[in-house]
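# Observations on the three-dimensional arrangement
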Amino acid sequence: MAAATDDITSARAISGTGSRAKSRLLTAALVTPAALWYLVLLVLPLAIVVVFSFGVRAPNGGYQPAFTFDNYLMLLTQPQRLSPFVTSLGMAIAGTIGCLVVGLPLAYFIASRAGRRKGLFVLLMVIPFWTSFLIRTYSWLIILGRENVGGFIGSVIGDPDFRILGTPFAVLMGLVYGYLPLMVFPLYVTLERMDWTLVEASKDLGAPRWATFRQITLPMALPGLITGSILVFIPMMGEYVIPAILGYGRTFLAGNALVDAFIQTRNWPFGSAMAVGLILIMLVSVSFYVWFVNRGRAGREVSVL
């Protein structure tokens, strides 16, 4: 009897080991393509950029192997080199706030008030992505031009020379318009899954609408808010098309500086150092933002009394 029990235990152990091995093989088969894609298209190019950042400019432009920190020293010691990064950071923060101010009420409306038209509103948010980003940006040249909004505002204030195009405000409007859906979708998904009975209970207990929104709706929507903010902040930091078209190149962001370094002056090592600096700025900014939001959520008392 004992021998039979031992045989059954051994068989189960062998079967369990075989199942774990099959599970590992299946996991490896599923993960390997994505890992190779990530390695070849993200890690390897980033490693090349880091290597280039320590080189020097070749006599005819491009990259010449070397190991020097001059590119980083030039970036840190010359204020005019840091100016595009400061402008990009300020514009990205303003654009993220603008997307949040417009996107949160819109996502809240679609999730709570749209009813059967939710699919229609989501479709309307997706439709702009069917058109080229470049064409959508060029359309704002017509909207904000002297013949339309710009000229109308100029006639109202009595200033025939008034213009919107070529200003930071035009760039900011383009950023908010271009990346607004990336803020709305995560917020909408989060609010759609929210337990709305909590909002009803808060109202039944006599809490004002603002208190209900601040202490129940906003904390519940926080994951979508964090995701949306990151999705819009990162591409805004490296934006090139919008400031070049709507800002007429006068609003000089980090993306414009990178294009000049790689294409105009063909100083690939310095451009690579700028790219590494831009990545570090985004990492620090996003990490601080996530830490700040999570710290505030941990210390917040969810109470409507």
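Here is what the cut-offs are and how they apply
Residues numbered from 1 in each chain as written. Predicted model: local features only at pLDDT ≥ 70, side-chain atom pairs only at ≥ 80, totals over all residues. Heavy atoms only, no water. Helix = DSSP H or I, 4+ residues; strand = E, 2+ residues; numbered from the N terminus. Buried < 20%, exposed > 50% of the residue type's maximum accessible area, 1.4 Å probe, protein only. Contact = heavy atoms within 4.5 Å. Areas by Shrake-Rupley, 256 points an atom, 1.4 Å probe, with all protein chains shown as cover. Lys, Arg positive; Asp, Glu negative; His and termini not counted. Charge placed at Lys NZ, Arg CZ, Asp CG, Glu CD. Expected span 1.5 Å × (residues − 1). Bend = angle between axes of the 7 residues up to and from the residue. Core = buried A, V, L, I, M, F, W, Y, C linked by side-chain atoms within 4.5 Å. pLDDT = per-residue confidence, 0-100.

## A few points about the overall build of the protein
A tally of helices and strands in the protein yields 12 helices and zero strands. Listed N to C, the secondary structure of the protein is α-α-α-α-α-α-α-α-α-α-α-α in terms of helices and strands. Projected onto its principal axes, the C-alpha positions of the protein cover 100 × 70 × 40 Å. For the protein, buried positions account for 34% of its 305 residues. Considering only residue pairs separated by 6 or more positions, the protein has 70% of its internal contacts joining residues 24 or more positions apart. When the accessible surface of the protein is summed, it comes to about 18,300 Å², and 70% of that surface belongs to carbon and sulfur atoms. Placing the 22 positive and 13 negative side-chain charges of the protein at their respective mean positions leaves the two points 2 Å apart.

## Digging into helix H3 (residues 79-112)
Counting along an α-helix, one turn takes 3.6 residues, and residues three or four places apart therefore face a common direction. Taking 1.5 Å of rise per residue, the 34 residues of H3 would be expected to cover 50 Å, and the 49 Å separating its terminal C-alpha atoms lies within 8% of that figure. Along H3, the largest kink reaches about 30° and is centred on Gly103; proline Pro105 follows within four residues of it.

## A few points about the nonpolar core
Core analysis: the biggest nonpolar cluster contains 51 residues, and Cys99, Leu175, Tyr179, Met236, Leu246, Met274 and Leu278 have the highest contact counts within it. Listing elements by their share of this core, those giving two or more residues are H3, helix H7 (168-192), helix H9 (209-237), helix H10 (241-245), helix H11 (254-264) and helix H12 (268-298). Sorting elements by how many residues they give to this core places H7 first, with 11 residues. In this structure Leu246 touches Thr137, Trp140, Leu141, Leu165, Gly166, Thr167, Ala170, Val171 and Gly174, once residues within four positions along its chain are discounted.

## Focus: the confidence of the model for the protein
Within the protein, residue pLDDT values average 84, and 90% of them lie at 70 or more. When the elements of the protein are averaged for pLDDT, helix H1 (residues 2-53) gives the smallest value, 76, and H7 the largest, 91. Every residue in residues 301-305 scores below 50 in pLDDT, and together they form seven contacts with partners more than four places removed in sequence or on other chains.

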